[in-house]
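Observations on the model geometry
Each chain is listed here by its residues.
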Amino acid sequence: MSDKKEIILSGIRATGNLHLGNYFGALKKFVELQDKYDCNFFIADLHALTTNPDPDALHANVKSILAEYLAAGIDPEKATIFVQSDVPEISEMYLLLNMHVGIGELMRTTSFKDKARKCLGIKAPTEGDNDEAFEKEIIGADTNKRVNAGLLTYPTLMAVDILIQKATKVPVGKDQLQHLELTRRFARRFNSFYGVDFFPEPTDFDLSGGAPIKVPGLDGSGKMGKSEGNCIYLVDDPKTLRKKVMRAVTDEGPQGPNSPMSEPVANLFTLLELTSAPEVVTQFRQAYADCSIRYGDLKKQLAEDILNITTPIRERVADMLADEAYISRVVRDGAEKARARAAETLAEMRSIMGIRKF
């Protein structure tokens, strides 16, 4: 039996600080996995370019996410941590793989349709909406607005991120499952076209152990997310964090013993279960059941329990950001490790495709 570890790969776009949802949904699990698997974690600055970010903000975001990865417990001695653009082989393979990707299959992806419509200010699809109508909307859109080609070929770049490292397990959210399926399709297509067994087909890696990890936001519905503006960031200072939690949406309170919880209140209890001691959760559940609960007390407790988790991380982030030499060394070493496997994959891919040196 081979002792070779399975390769896990996960990336996050450089679009701002990490939040509590990122921590419980991914980072905490990554720390647990880094001893068992060949873990590769990267900051996707090339993917972030699809939204044309301010250059200084992009660089700052990359640096802050690196610091947050490290502060959360990801160990560069155990896992490979790198910045996407520091591996130029990714960009070349992106070009090569695009030669085997169809425009139609890219335009049919749900995320592209949603983001393209948002970019162009086009109304959401209605019943009877079809791909042909969507394509006409894109082609006939106001020329002052545009959907960049990077957004269209996002699935190709994601596929390259995975395939260039020969990753077999990829933790993804529901919104990325379609892209992962496209990655498998592209791998099969390449292997079949050239008659090789070159790319493995990656599978989704369920970090939850079968129980969905959904960290709710503070707005009363949905999950925590940057675009929703309902986040608790890992680097929020105590005053900011307490204020956010105290403003969380609730309701008028239970209307009778053992009343069902509204979604906003159930969300707060979900956060409590993630961050508080079991006896604290039991105490507040009992208070809700017998109608003695005071939401203000619940929120105060929740804020302090979240701070018990985030304060050490926030302090380590500050230390990391102050140590420029350490951050630079981690990035440099990570790029070197990531490039070693990427260069090998790319060289073989080039040869398979007939791009060979004389």
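Note that the structure is predicted; figures quoted are calculated from it, not measured.

The rules behind the values
Residues numbered from 1 in each chain as written. Predicted model: local features only at pLDDT ≥ 70, side-chain atom pairs only at ≥ 80, totals over all residues. Heavy atoms only, no water. Helix = DSSP H or I, 4+ residues; strand = E, 2+ residues; numbered from the N terminus. Rg over C-alpha atoms; globule rule 2.2 N^0.38 Å. Buried < 20%, exposed > 50% of the residue type's maximum accessible area, 1.4 Å probe, protein only. Contact = heavy atoms within 4.5 Å. Salt bridge = Lys/Arg side-chain N within 4 Å of Asp/Glu carboxyl O. Axes fitted to C-alpha atoms, helices over the stretch in contact; angles between N-to-C directions. Parallel < 35°, antiparallel > 145°, perpendicular 65-115°, else oblique. Expected span 1.5 Å × (residues − 1). Bend = angle between axes of the 7 residues up to and from the residue. Phe/Tyr/Trp six-rings, centres within 6.5 Å; stacked < 30°, edge-to-face > 60°. Core = buried A, V, L, I, M, F, W, Y, C linked by side-chain atoms within 4.5 Å.

**Thoughts on the overall build of the chain**
Helix and strand content of the chain: 15 helices and 5 strands. Radius of gyration (C-alpha) of the chain: 23 Å, near the 21 Å computed for a compact globule of 358 residues. Taken along the three principal axes of its C-alpha coordinates, the chain extends 80 × 55 × 45 Å. Looking at the chain as a whole, 47% of its 358 residues qualify as buried. Contacts in the chain between residues far apart in sequence, at least 24 positions, make up 77% of those at least 6 positions apart.

**Some thoughts on the pattern of salt bridges**
All told, the structure shown has 16 salt bridges when counted by the stated rule. Across the pair E32 and K28 runs a salt bridge whose closest N-O atoms are separated by 3.9 Å. Taken together, the positions of E32 and K28, both in helix α1 (residues 20-33) and 4 residues apart, correspond to about one turn of that helix. Given the relative accessible area of 48%, E32 is considered partly exposed. For E181, the salt bridge goes to R188, with nearest N and O atoms at 3.6 Å. Counted as one network, the salt bridges with shared partners bring together E181, R184, R188 and E201.

**Brief notes about the environment of F112**
Mapped onto the elements of the fold, F112 is located in helix α6 (residues 110-120). The exposure class of F112 is buried, given its relative accessible area of 4%.

**Remarks on the packing of helix α3 (residues 55-71) against helix α15 (residues 324-352)**
Where α3 contacts α15, the axes come no closer than 11 Å and their chain directions differ by 90°. In terms of orientation, α3 and α15 fall into the roughly perpendicular class. Residue-level inspection shows K63, L66, A67 and L70 of α3 in contact with α15, the latter providing E324, Y326, I327, V330 and V331.

**Considerations on helix α14 (residues 295-322)**
Helix length check: α14 (28 residues) gives 39 Å between terminal C-alpha atoms against 40 Å at 1.5 Å per residue, within 8%. The principal kink in α14, of about 35°, is found at T310, preceding the proline P312 by one to four residues.

**Quick notes on the packing of aromatic side chains**
How two aromatic rings sit relative to each other is set out by the distance from centre to centre and by the angle between their planes. Evaluation of the coordinates by the stated rule reveals 11 aromatic pairs. Summarising the aromatic geometry, the rings of F41 and Y69 are spaced 6.4 Å apart at their centres and angled 80° between planes, so their arrangement reads as edge-to-face. With F41 in strand β2 (residues 38-44) and Y69 in helix α3, the pair connects residues that are 28 residues apart, well separated along the chain. Summarising the aromatic geometry, the rings of F269 and Y288 are spaced 6.3 Å apart at their centres and angled 80° between planes, so their arrangement reads as edge-to-face.

**Quick notes on α1**
Relative to the 20 Å expected for 14 residues at 1.5 Å per residue, α1 spans 19 Å between its end C-alpha atoms, a close match to the ideal helical length. Roughly 35° is the biggest bend found in α1, and it falls at A26. Those residues of α1 not exposed but buried are L20, G21, N22, Y23, F24, A26, L27, F30 and L33. As for α1, its buried residues are in contact with β1 (7-13), β2, α3, α12 (263-275) and α14.

**With respect to the nonpolar core**
Ranked by internal contacts, the top residues of the largest apolar core, which has 63 residues, are L27 and Y69. Looking at which element gives the most residues to this core, the answer is α14, with 9 residues. Those residues in contact with Y69 that lie beyond four places of it in its chain are I12, L18, L27, F41, F42, I43, I74 and I81. Listed in part, the 40 residues of the second largest apolar core include F42, L151, V160 and L163.

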